[in-house]
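Coordinate analysis (summary)
Chain by chain, the residues run as shown.
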Amino acid sequence: TKVVGGCEDYLDMVSRHAMPNKKGLPIHPKLAASINYMATNQLQEQAINAMADKYMAPENCNSLNVQAVNNPIWGNMSPSSRGQEIKLQRILKLLTAGITAVARTAVGVQMPEELQDALALLCNTQYEINSFRKNIIKPALHPKFAGLCKPGKTQPPSLLFGEDLPKQVKDLDEE
C-alpha cells in the first residue's frame, strides 16, 4: 500500500512530470567520448577564450552581441544578481561564438539539415538565456516596470532593455 505523502508518491509524481530522456542513433565512439568529456569537464580557460575570440559575431548579426544591462537597471541590482548576470554574459559569449562557428560552416546559405537544426537550437538557447536574465533582474525593478521583462520583447542589439529605456519606462508609467 502507498502512504500518501510518502516516497512512493513522490517518485510517482517525478516520473509523471520528468522530461523524457530519449536517445538517438549512436555517433562515432571517439566523437562520443570527446563530447562526453567536454560536457562534463571544464576546459582550459585559455583554450576556451582563444576559441571564442576566433569566432567573433559577424558584423551583420547584431543579435549575436552579448547585451549589457542598462546602467539605471544595473545600479538597482543586488550584488548576487550582478554576479549571476556576469556569469550568464560569459555563457552567452561562448554560445554566440558557437553559433558563429556553426554559421560559418554554411556555403552561401546552404547547410546540411543537421546544422540548420543545430543553429536553430543554439539561437533559441540564446533567446531563452536572455529571457532568463530578465527574470533574474525583474525583482530589482519597481513592480510597475515589470513589463520591461516580458520575454516576447525583441532583443536589442547592445542593451538588454533597449536603447530607449527612458521612453519604455515613461510608457509603462503612463499605463
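First things first, this report covers the structure right here in the doc.

Quick notes on the overall build of the chain
Along the chain, the regular secondary structure elements total 7 helices and 0 strands. Listing every helix and strand of the chain by position from the N terminus yields α-α-α-α-α-α-α. Of all 175 residues assigned to the chain, the portion counted as buried reaches 24%. Considering only contacts in the chain between residues 6 or more positions apart, those separated by 24 or more positions represent 64%. Surface summary for the chain: the accessible area is close to 12,600 Å², and the carbon and sulfur share equals 59%.

Re the pattern of salt bridges
Under the definition given, this model contains 3 salt bridges. Note that E45 is salt-bridged to R90, the shortest N-O span being 3.1 Å. Here E45, found in helix 3 (residues 45-54), pairs with R90, found in helix 5 (residues 79-103); they are 45 residues apart in sequence, far enough to count as distant. Taking relative accessible area as the criterion, E45 reaches 40% and is therefore assigned partly exposed. By relative accessible area, which is 31% here, R90 ends up partly exposed. The closest approach of N and O atoms between K93 and D53, which form a salt bridge, is 3.8 Å.

Some thoughts on the side chain of N70
Structurally, N70 can be placed in the loop between helix 3 and helix 4 (71-74). Judged by relative accessible area, which is 4%, N70 ranks as buried. One polar contact links the side chain of N70 to the main-chain amide nitrogen of F161, over a distance of 3.0 Å. Setting aside chain neighbours within four positions, we find N70 in contact with L159, L160, F161, G162 and L165.

As for the environment of L115
Secondary-structure assignment places L115 in helix 6 (residues 113-137). Judged by relative accessible area, which is 27%, L115 ranks as partly exposed. Separated by 13 residues in sequence, L115 and V102 place their C-alpha atoms 6.9 Å apart. Those residues within four positions of L115 in sequence are excluded, and the remaining contacts are V102 and T105.

Observations regarding the packing of helix 5 against helix 6
Packed helix pairs are specified by the crossing angle of their axes together with the interaxial distance, meaning the distance between the axes. One way to put it is that helix 5 packs onto helix 6 with a least axis distance of 10 Å and a crossing angle of 165°. The angle between helix 5 and helix 6 places the two elements in the roughly antiparallel class. By crossing handedness, the relation of helix 5 to helix 6 is classed as left-handed. Partitioned by chemical class, the residues of the contact of helix 5 with helix 6 number 15 nonpolar, 8 polar and 2 charged.

About the cut-offs
- Each chain carries its own residue numbering, running from 1 in the written order of its sequence.
- pLDDT decides what is reported in this predicted model: residues at 70 or higher carry local features, side-chain atom pairs at 80 or more are listed and counted, and totals for whole chains, interfaces and linings draw on all residues regardless.
- As a rule here, side-chain values come from all non-hydrogen atoms in the structure, and water together with hydrogens is ignored.
- The secondary structure listing takes helices from DSSP runs of H or I that are at least 4 residues long and strands from runs of E that are at least 2 residues long, numbered from the N terminus.
- Relative accessibility decides the category of a residue: with a 1.4 Å probe and only protein chains considered, values under 20% of the type maximum give buried, values over 50% give exposed, and everything between is partly exposed.
- Whether two residues touch is decided by their heavy atoms; if any such pair falls within 4.5 Å, the residues are in contact.
- Areas reported here follow the Shrake-Rupley algorithm with a probe of radius 1.4 Å; residue values treat only the protein chains shown as occluding.
- Salt bridges, as used here, are contacts in which a Lys or Arg side-chain nitrogen is within 4 Å of a carboxyl oxygen on Asp or Glu.
- Side-chain atoms alone can form a polar contact between residues adjacent in sequence; in general such a contact is a pair of N or O atoms within 3.5 Å, and within protein one must be able to donate a hydrogen while the other accepts it.
- Every axis in this analysis is a line fitted to C-alpha atoms, fitted for helices over the stretch in contact. Angles between the N-to-C directions lie between 0 and 180 degrees.
- With respect to orientation, any angle under 35 degrees is reported as roughly parallel, any angle over 145 as roughly antiparallel, any angle of 65 to 115 as roughly perpendicular, and every other angle as oblique.
- In a left-handed crossing the near helix is turned counterclockwise from the far helix by less than a right angle, and in a right-handed crossing that turn is clockwise.
- Charged means Asp, Glu, Lys or Arg here, nonpolar means Ala, Val, Leu, Ile, Met, Phe, Trp, Tyr, Cys or Pro, and polar covers whatever is left, Gly included.

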